[in-house]
Amino acid sequence: MKKIFVKVTLTLLVLLMVCAAVSCKRDDPTPDGMQNVSAANSDAFYHLYVPENWISQTSAGISGARVSNTDTSNVTVTMYFPDVEMTPAEYWENRCAPSYGKVLSELEVIAESCIDTKLGGLDARQYVFKGLLDGVSYQFLQIIVVKGNVLYTLTYTATAENYDKHLETVESIRSNFTFA
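For clarity, every value in this text was computed on a predicted model and none was experimentally measured.

### Things to note about the overall build of the protein chain
When you go through the protein chain residue by residue, the secondary structure sums to 3 helices and 12 strands. Taking all 180 residues of the protein chain together, the buried fraction comes to 38%. When contacts within the protein chain are restricted to residue pairs at least 6 apart in sequence, long-range pairs at least 24 apart make up 43% of them.

### Regarding the nonpolar core
Residues Y46, L48, V75, L154, I173 and F177 are the most contacted members of the largest nonpolar core, which totals 29 residues. Residue assignment for this core shows that the elements contributing at least two residues are β3 (49-51), β6 (74-80), β9 (122-133), β10 (136-147), β11 (150-159) and α3 (167-176). In terms of residues, this core owes the most to one element, β11, which gives 5 residues. Not counting residues within four places of it along the chain, the set of residues in contact with L48 comprises Q35, N36, V37, S38, S63, G64, V75, V77, L154, I173 and F177. M86, Y91, C96 and L151 belong to the second-largest nonpolar core, a separate cluster that totals 11 residues.

### Topic: the packing of aromatic side chains
For the structure shown, the criterion picks out 13 aromatic pairs. Considering the side-chain rings of W92 and F129, the 5.1 Å spacing of their centres and the 50° angle between planes classify their relative orientation as tilted. Linking W92 in helix α2 (residues 88-103) with F129 in strand β9, this pair joins segments that are 37 residues apart in sequence. Of the two residues examined, W92 and F129, each falls in the buried class. Through a chain of ring-to-ring contacts, the aromatic side chains of W92, Y100, Y127, F129, Y138 and F140 assemble into a single cluster. Directly above the aromatic system of Y127 lies the positively charged group of R125, at a separation of 5.7 Å from the ring centroid.

About the thresholds
- Residue positions are given per chain, counted from 1 along the sequence in the order it is written.
- Only residues with pLDDT of at least 70 get local features here, since the model is predicted, and only at 80 or more are side-chain atom pairs given and counted; chain-wide, interface and lining totals rely on the full set of residues.
- Side-chain figures throughout are based on the complete set of non-hydrogen atoms in the structure, without hydrogens or water.
- Each helix is a run of DSSP H or I of at least 4 residues and each strand a run of E of at least 2, with the numbering of both proceeding from the N terminus.
- Relative accessibility decides the category of a residue: with a 1.4 Å probe and only protein chains considered, values under 20% of the type maximum give buried, values over 50% give exposed, and everything between is partly exposed.
- Two residues qualify as a contact provided that any one of their heavy atoms is within 4.5 Å of a heavy atom in the partner residue.
- The definition of a nonpolar core used throughout is a set of buried Ala, Val, Leu, Ile, Met, Phe, Trp, Tyr and Cys residues joined through side-chain atoms within 4.5 Å.
- Side-chain rings of Phe, Tyr and Trp (the six-membered ring for Trp) are treated as a pair once their centres are within 6.5 Å; stacked means planes under 30 degrees apart, edge-to-face means over 60, and tilted covers the remaining angles.
- Our definition puts a charge over a ring when NZ of Lys or CZ of Arg is within 6 Å of the ring centre and also within 35 degrees of the ring normal.

Encoded structure:
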């Protein structure tokens, strides 16, 4: 009788340990192979996930990461709190495009790549453009979305020769972006 009691007790103990191990599954929503690089003060608003091997360059409310020290292609997320309501198109036309026009020479918007898309499950607008900065040709993909009173902008920046190389990864970053 004592042996049966010990066996039952040990069996229940093993089952309890298995149940405890299963219930301790990962609560972290970070997708496999990625890292969360959201700025500390931005983590309450959104989560930006990038490949684990990218280098975080998050600072002062701007979340982001770059590919490496030699390939500075990067993705950033910024937030803008306008005084008046704006659509992504109004924000692009009234704020972004004029600002880029002042910084980039030979600014060219690639109209056929400017499309409606989603970011964090919300309707968004994508803009693709290129220009020269200090004699170097850059290409950009920018996705703008409105949530509440805030405009969120996810921007991919790369030299023209590296732009296509990371588009698949940028799509993964976009599709894994979530609002808190």
